[in-house]
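Inside the fold
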Amino acid sequence: MSLNYNFLPKLLYNKGAIINIKDAWFLSLARDAYKFAFQVPIKKCVWGYGWRFTADENPFYHVYNDHHNLDKFYQNYQPISALEALTFEPSDGGWNSLTLPWRCQIDCVDSNAIKLCHNQLSSQVGPLTSNRLELEKNKFQQVFTSIQTGDYQLKNGIYSPILGYFMIHDNDFVFHVTAGKHEAAALSKLGYTSLPVTFNIFVPRMPRLISDQHLELLSQVAYPATVMPTVYEIFESYFDNTLRQRRISYLADWMERL
């Protein structure tokens, strides 16, 4: 499988060295950042609402042990809001949505682009039908096998199907994966300690960086000012070590259930 389709050739940032928080700031603000692919520590890569790609923190890692584990995850994880999805507490905090409040929204005039502009219920809360769930399981296995057998052509990270943006809080950062969760999960299972990623350049364009400083600027643009406390709570929950341990505990419990 070639990664030329839909992915532009990328330059390897810093010769493929694993990045740190200084690199994250630099890449986020650099004018030509979209030209680069870069290696992010797998423990800093996150999917959905706080699920990191390490073995004990990512639900998809367990799909390769038993594909029924994906059913278990979605049966147990059914939040009704973004805040609940992160904290596991039944509350929406005034933001009654499973859409992250800093996601880019663009008013579309081109009918062909409407599907790209409006956020829909995503696989972050599960496939909508049993058929889609089976397709999801198959895709995880197909991508894993393709990478394992050398057919996927990662080309040392020069082409990267894993897209997303940085979140930086205090002196910590994560890379929020918006596309390429199957590839990321497979690489994690195969023992990779970092992921080759790049920024999302498609419309609607996702941000390259979300930080405490940016949230205030997004008030009344990406979300109402009245829900600012909830927006901050959602954002900070990605960096909360207590919540990380809670995810690990819940996931271990869910995967043990018959």
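1. Looking at the packing of aromatic side chains
- Counted according to the given criterion, the structure contains 27 aromatic pairs.
- Pairing Phe88 with Tyr250 gives two aromatic rings, centres 4.8 Å apart and planes at 40 degrees, and the pair type is tilted. Of the two residues, Phe88 is situated in the loop between helix H3 (82–87) and helix H4 (114–117) and Tyr250 in helix H9 (residues 241–256); the sequence distance between them amounts to 162 residues.
- Given a relative accessible area of 33%, Tyr250 falls into the partly exposed group.
- Ring geometry for Phe166 against Phe175: centres 5.3 Å apart, planes inclined by 80 degrees, an arrangement best described as edge-to-face.
- Of the residues examined, Phe166 reaches a relative accessible area of 0% and is grouped as buried.
- Taken together, the aromatic side chains of Trp51, Phe73, Tyr74, Tyr77, Phe88, Tyr250 and Trp254 make up a single cluster linked through ring pairs.
- The aromatic ring of Phe173 is capped on one face by Lys44, whose charged end is 5.4 Å from the ring centroid.

2. With respect to the nonpolar core
- Counting residues in hydrophobic clusters, the biggest one holds 67 residues, and the most contacted among them are Phe38, Val40, Phe73, Trp102, Phe166, Ile234 and Tyr238.
- Val40 has contacts with Ile19, Cys45, Phe166, Phe173, Phe175, Thr193, Ser194, Leu195 and Val197, leaving out every residue within four places of it along the chain.

3. Side note on the confidence of the model for the protein
- In this model, the protein carries an average pLDDT of 83, and 81% of its residues clear a pLDDT of 70 or more.
- This model gives residues 1–8 a pLDDT under 50, and the stretch forms 18 contacts once residues within four places in sequence are excluded.
- Here residues 106–122 scores under 50 on pLDDT; set against residues more than four positions off or in separate chains, the count is 17 contacts.

4. Here we look at unusual backbone geometry
- The phi dihedral of Phe88 is positive, around 65 degrees, even though this residue is not glycine.
- Judged by relative accessible area, which is 18%, Phe88 ranks as buried.
- Residues other than glycine seldom take positive phi values, yet Asp170 does so here, at roughly 55 degrees.
- Along the polypeptide, Asp170 turns up in the loop between strand S5 (162–169) and strand S6 (172–179).

5. Section: the pairing of S5
- Burial analysis of S5 places 8 of its 8 residues in the buried class, the great majority of the element.
- As judged from the 3 bridges shared by S5 and strand S7 (residues 194–199), these two strands associate in the parallel manner. Directly across from Gly164, in S7, lies its bridge partner Phe199.
- Two strands pair when backbone bridges link them, and S5 and S6 are joined in this way by 7 bridges, in the antiparallel orientation. Paired with Phe166 across the bridge in S6 is Phe175.
- Pairing analysis gives 3 bridges linking S5 to strand S8 (residues 209–211), with the strands arranged parallel.

6. With respect to the packing of helix H5 (residues 130–148) against helix H6 (residues 181–189)
- Remark: H5 packs on H6, axes separated minimally by 9 Å, with the N-to-C direction vectors making an angle of 55 degrees. Considering the angle they form, H5 stands oblique to H6. For the pair H5 and H6, the crossing hand works out as right-handed. On H6, the residues that touch Glu136, Lys139, Phe140, Val143, Phe144 and Ile147 of H5 are Lys181, His182, Glu183, Ala185, Ala186, Leu187 and Lys189.
- Here the residues of the contact of H5 with H6 sort into 7 nonpolar, 1 polar and 5 charged.

Rules used throughout
- Residues numbered from 1 in each chain as written.
- Predicted model: local features only at pLDDT ≥ 70, side-chain atom pairs only at ≥ 80, totals over all residues.
- Heavy atoms only, no water.
- Phe/Tyr/Trp six-rings, centres within 6.5 Å; stacked < 30°, edge-to-face > 60°.
- Helix = DSSP H or I, 4+ residues; strand = E, 2+ residues; numbered from the N terminus.
- Buried < 20%, exposed > 50% of the residue type's maximum accessible area, 1.4 Å probe, protein only.
- Lys NZ or Arg CZ within 6 Å of the ring centre and 35° of its normal.
- Core = buried A, V, L, I, M, F, W, Y, C linked by side-chain atoms within 4.5 Å.
- Contact = heavy atoms within 4.5 Å.
- pLDDT = per-residue confidence, 0-100.
- Pairing = 2+ DSSP bridges.
- Axes fitted to C-alpha atoms, helices over the stretch in contact; angles between N-to-C directions.
- Parallel < 35°, antiparallel > 145°, perpendicular 65-115°, else oblique.
- Left-handed = near helix turned anticlockwise from the far one by under 90°.
- Nonpolar A, V, L, I, M, F, W, Y, C, P; charged D, E, K, R; others polar.

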